[in-house]
Amino acid sequence: MLPENYCNIKYEKNIKHWDDGLPLGNGDIGCLIWGNGSKLRLSIDKGNLWDCSGAVKPEGDFTYKSLQKFVRQRRARKISKTFDAPYAMPTPTKLPAGKIIINLKNKNIDSAELDTASAKAKIVSKDIQIESFVHAEKPIGFIRANIPLDFLIENPEFGEIGKGKKYKTKAAITQSLKNLHYEKAEKGSLSIKNIKYKYFTQKVNERLTYGIFIATASNEAAYTVSVAENKEKAKANAVALLSSAIKSGYDENFLSHKKWWNNFWNESFIELPDKYIEQKWYITNYLLGSCSREGYAPMPLQGVWTADNGQLPPWKGDYHFDLNIQLCYLSYLKSNHLSCGKSYIDFLLNNEEAAEKFARNFYAANGLCLPSVMDINGNALGGWAMYSLSPTNQAWLCSGIKDYCDYSGDDKLLKSKAYPYMKKYGEFLLSIMKKDKRGKLVLPLSSSPETHDNRLSAWLKPNSNYDNSMIRCHFKNLLEISEKLKLYDDKEKWQSVLNQLQELPVGRDNVLMLSANERQKHSHRHFSHLISIYPLGLLQYDKAEDKNIIDASVADLERLGTKEYCGYSFAWLANFQAIQKRGKDTLNTLNIFWNDFCLQNTFHVNGDYKKTGKSKLTYRLFSLEGNFCAADALQNMLLQCKENRIELFPGVPAEWKNISFDLLAAGNVRVKAVMKNGELQAAELLCKSDRRTKVIFKNKEINIDLKKGETKTINF
């Protein structure tokens, strides 16, 4: 079902900031359209455009052995200098590609609209009308206007080799592009067979040159970002690509582009009485389809919309595995956009060699483990050692791989690649853990991401609740997979390991602790100690003992308040509330997130930038994880599933009487359900394999035998 017009992004004035722009993309090429005055800017991005030079190497003091020693010696400055300081270097970093500027002839923007159904932008300025889209399947953007347009291409303002200081150390959040020193960009133009080209090429290093190229003919234009070993190849590739695009024309390309998006929107739908919340779900899925595609790199912190403000992207646009990337890849499962999530899964599996190398060189361990802050090639960037070099964040990544296999029903991938990869991480954990006095396996160091920031107090008594949850989750997953694949020797091994793990530390009041001797005492943005509730699902709300722990822990979290929250914290809290089936509270929390921590185009900017008082963090730094975490909370209001159990409309507010959806449940079960006047009107299940499942609505439940390819109608 195509999203309605009320799901579009609309402006009736100039778009003043780059991060307010109309977002276009296809997982490879990204574009933000914005303008403040008579210049319309198309800020262009390329997903794999990185400068990976200067990566920190796991040698000398930059090793797990040295980290353990410095922690024992209480040498905070040494820890920071060795492990955190490298992150202040300007590289490795994601790079902005540049921008295309259109002269609006001294006229302001009167209106700008992004049609989410067709992924096309329309900008109106007096007598000028401009349309643009980034093709869904080609690395090309298209522009058409009602009059011939004047285009200008601008390269990013990097520093020049030989001019100024090599770099100025500063927090990676706000570094200038001038800290990157390259050869001066070369600009040019040419004309071939009535097609005019403008371009620049930028040499980054001896192996990488890129450029933005735009081809125009009459009132139509096509552009691309060409990446190659040198400028000659970049130019030849761009000219060949764009000449074909211009010859086939805007309309023909738009037809194939729109077909892809029609298929995308047919993969799921929701219909709610609250159209504001419905709109946010559709826009969030639009962002997913625009910035994550199978065959390309997964979205880093800002997807394919790198900053256009003269600075490095926030946090260098890297891959953060302590929370950010994992939250980005939560909602795609139930929304049935599996091909979008496949980029994430392939990225992890294809980086197996890098993960093995890092495990060997940094941890001196067997198996595999990726650094938790890394570039596109799997190189460590450093950062707060408590999370950037955590050995357990990899368990969250592995859990994401298993979730993909569960929802897609791809048993072939599970057996051939996923399980062997996950097994190697299990071997890694076993090679670094030791038995304590009680015979339980513990880590030599333990932490809970971002808890106590970069202080010595961040090192918690092993194992922290976070680490314990991650480790238990991983070996539980290995046990389940080995049983499914009938690998009985493996099953016996993983069960033995589970028997040797600590239980989750829980206080006398049933509240999940930070660690066995410490509990969370103040507001905090990262709910790492509650990871077992969501998204790992180690604790299940339908089990009485677990329910008591979940209720007590979430109540304690809410008691501590939102003073230290980022936007994604509200999205995460909404998922807890959805699991508790607190529909009204979930809806209220999602409204806070989308109203107060997102821009008009729905980009999550972390801070309470409107200064509503809901958080003392008021900065405006764009990253995407909150968007997808919030969308998953909404989906968890409509559908929850675990272990052959599907619950319909479990967490909707009482006032939502009329709702329908088409979503995906684990086991590759497509679920369509309609509720009218608060009662289940219709429900259909379609599965790609034979399976037995339990379907629940309110206090009613029924066991269903599903046959491969057959649609089953549910009647209670």
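Refer to the structure presented above.
Predicted, not measured: the structure shown is a model, and the values here were computed from it. (Residues numbered from 1 in each chain as written. Predicted model: local features only at pLDDT ≥ 70, side-chain atom pairs only at ≥ 80, totals over all residues. Heavy atoms only, no water.)

To continue, consider the pairing of strand β26 (residues 659-665). Counting buried residues in β26 gives seven out of seven residues, a clear majority hidden from the surface. Burial along β26 is two-sided: I659, F661, L663 and A665 facing one way and S660, D662 and L664 facing the other are all buried. The pairing of strand β19 (residues 269-271) with β26 spans three bridges and is classified as antiparallel. For F269, the partnering residue across the bridge sits in β26 and is D662. (Buried < 20%, exposed > 50% of the residue type's maximum accessible area, 1.4 Å probe, protein only. Helix = DSSP H or I, 4+ residues; strand = E, 2+ residues; numbered from the N terminus. Pairing = 2+ DSSP bridges.)

All told, the structure shown has zero disulfides when counted by the stated rule. No disulfide involves C31; its sulfur sits 14 Å from the nearest other cysteine sulfur, which is in C291. C687 takes part in no disulfide bond, and the closest cysteine sulfur to it belongs to C641, at a distance of 12 Å. (Disulfide = S-S within 2.5 Å.)

Now for the packing of helix α1 (residues 64-72) against helix α2 (residues 76-84). Where α1 contacts α2, the two axes come as close as 9 Å, and the packing angle between them is 160 degrees. As judged from the angle between their axes, α1 and α2 are roughly antiparallel. In the crossing of α1 with α2, the sense of the turn from one axis to the other is left-handed. In this structure, α1 uses L67, F70 and V71 to contact α2, whose residues at the interface are K78, I79, T82 and F83. Per-class residue counts for the contact of α1 with α2 are five nonpolar, one polar and one charged. (Axes fitted to C-alpha atoms, helices over the stretch in contact; angles between N-to-C directions. Parallel < 35°, antiparallel > 145°, perpendicular 65-115°, else oblique. Left-handed = near helix turned anticlockwise from the far one by under 90°. Contact = heavy atoms within 4.5 Å. Nonpolar A, V, L, I, M, F, W, Y, C, P; charged D, E, K, R; others polar.)

What follows concerns the pattern of salt bridges. Within the structure shown, the criterion is met by 43 salt bridges. Its salt-bridge partner being K46, residue D28 comes within 3.1 Å of it at the nearest N-O pair. Residue D28 is found in the loop between β2 (22-25) and β3 (29-34), and its partner K46 is found in strand β4 (residues 39-46); the two are separated by 18 residues along the sequence. Of the two residues, D28 and K46, both sit in the buried class. Among the salt bridges present, the one from D551 reaches K547, with a minimum N-O distance of 2.9 Å. (Salt bridge = Lys/Arg side-chain N within 4 Å of Asp/Glu carboxyl O.)

The next point concerns the environment of S464. Tracing the chain through its elements places S464 in the loop between β23 (441-442) and α12 (465-484). Spatially, the C-alpha atom of S464 lies 4.3 Å from that of S515, the residues being 51 residues apart in sequence. Ignoring anything within four residues of it in the chain, the contact list for S464 reads S446, S447, S448, L514 and S515. A distance of 2.6 Å separates a polar atom in the side chain of S464 from the backbone oxygen of S447. (Polar contact = N/O pair within 3.5 Å; in protein donor to acceptor, adjacent residues only side chain to side chain.)

Moving on, we get to the packing of helix α15 (residues 567-579) against helix α17 (residues 625-638). Where α15 contacts α17, the axes come no closer than 8 Å and their chain directions differ by 15 degrees. Considering the angle they form, α15 stands roughly parallel to α17. The two elements α15 and α17 cross, and the hand of that crossing is left-handed. Judged by residue contacts, Y568, A571, W572, A574, N575 and A578 of α15 engage E625, G626, C629, A630, D632, A633, N636 and M637 from α17. Tallied by class, the residues present in the contact of α15 with α17 amount to nine nonpolar, three polar and two charged.

Before going further, it helps to examine the pairing of strand β10 (residues 128-134). Every other side chain in a regular strand lies on the same face of the sheet, so the side chains alternate between the two faces. Of all seven residues that make up β10, six are buried, and the element is covered over most of its length. In this structure, strand β9 (residues 120-125) lies alongside β10, joined through five bridges in antiparallel fashion. Following the sheet pairing, S125 is matched in β10 by I128. Between β9 and β10, which pair antiparallel in sequence order, lie two residues; one of them, K126, sits at a positive phi of approximately 55 degrees.

On the basis of which strands lie adjacent, the open sheet formed by nine strands has the order β1-β8-β9-β10-β11-β18-β17-β16-β15 and antiparallel pairing. Two strands lie at the open edges of the sheet, namely β1 (9-11) and β15 (186-192), each paired on one side alone. The sheet shows a mean angle of 15 degrees between the axes of neighbouring strands, taken without regard to direction. Here helix α3 (residues 231-248) sits on the sheet in contact with β11 (141-145), β15, β16 (195-205), β17 (208-217) and β18 (220-228), set at roughly 150 degrees to β18.

Moving on: the packing of aromatic side chains. The final tally for this structure, using the stated rule, is 44 aromatic pairs. Look at W281 and Y282: their rings are 4.9 Å apart centre to centre, the planes differ by 85 degrees, and that puts the pair in the edge-to-face class. Across this residue pair, the class does not change: W281 and Y282 are buried. Taken together, a centroid distance of 4.1 Å and an interplanar angle of 5 degrees make the contact between F603 and F622 stacked. Pair noted here: F603 is in the loop between α16 (583-596) and α17 and F622 is in the loop between α16 and α17, with a separation of 19 residues, a long-range link. Accessibility classification places F603 together with F622 in one group, the buried group. One aromatic cluster is present, formed by F62, Y64, F83, F358, F362, Y363, Y425 and F428 through successive ring pairs. Seen from the ring of F254, K120 lies directly overhead, with NZ or CZ sitting 4.7 Å from the centre. Geometry around W260 places R293 over its ring, the cationic atom sitting 3.6 Å from the centre. (Phe/Tyr/Trp six-rings, centres within 6.5 Å; stacked < 30°, edge-to-face > 60°. Lys NZ or Arg CZ within 6 Å of the ring centre and 35° of its normal.)

What follows concerns the nonpolar core. Counting 221 residues, the largest nonpolar core has L648 and F649 as the members making the most contacts within it. Here the element with the most residues in this core is helix α11 (residues 411-432); it accounts for 10 residues. Residues contacting L648, with those up to four places away along its chain left out, are L638, L639, F661, V671, A673, L680, A683, V695, I696 and F697. In terms of nonpolar packing, the next biggest core, distinct from the first, is built from 16 residues, F133, F142, A222 and Y250 among them. (Core = buried A, V, L, I, M, F, W, Y, C linked by side-chain atoms within 4.5 Å.)

Here we take up unusual backbone geometry. Between T91 and P92 the backbone carries a cis peptide bond, its omega angle lying at 0 degrees. Along the chain, P92 turns up in the loop between α2 and β6 (93-94). For the bond running from Y534 to P535, omega is 10 degrees, close enough to zero to count as cis. Examined against the element boundaries, P535 turns out to sit in the loop between α13 (488-499) and α14 (544-560). If you check the backbone angles, N677 has positive phi at about 55 degrees while not being a glycine. Of note, N677 is situated in the loop between β27 (669-676) and β28 (679-687).

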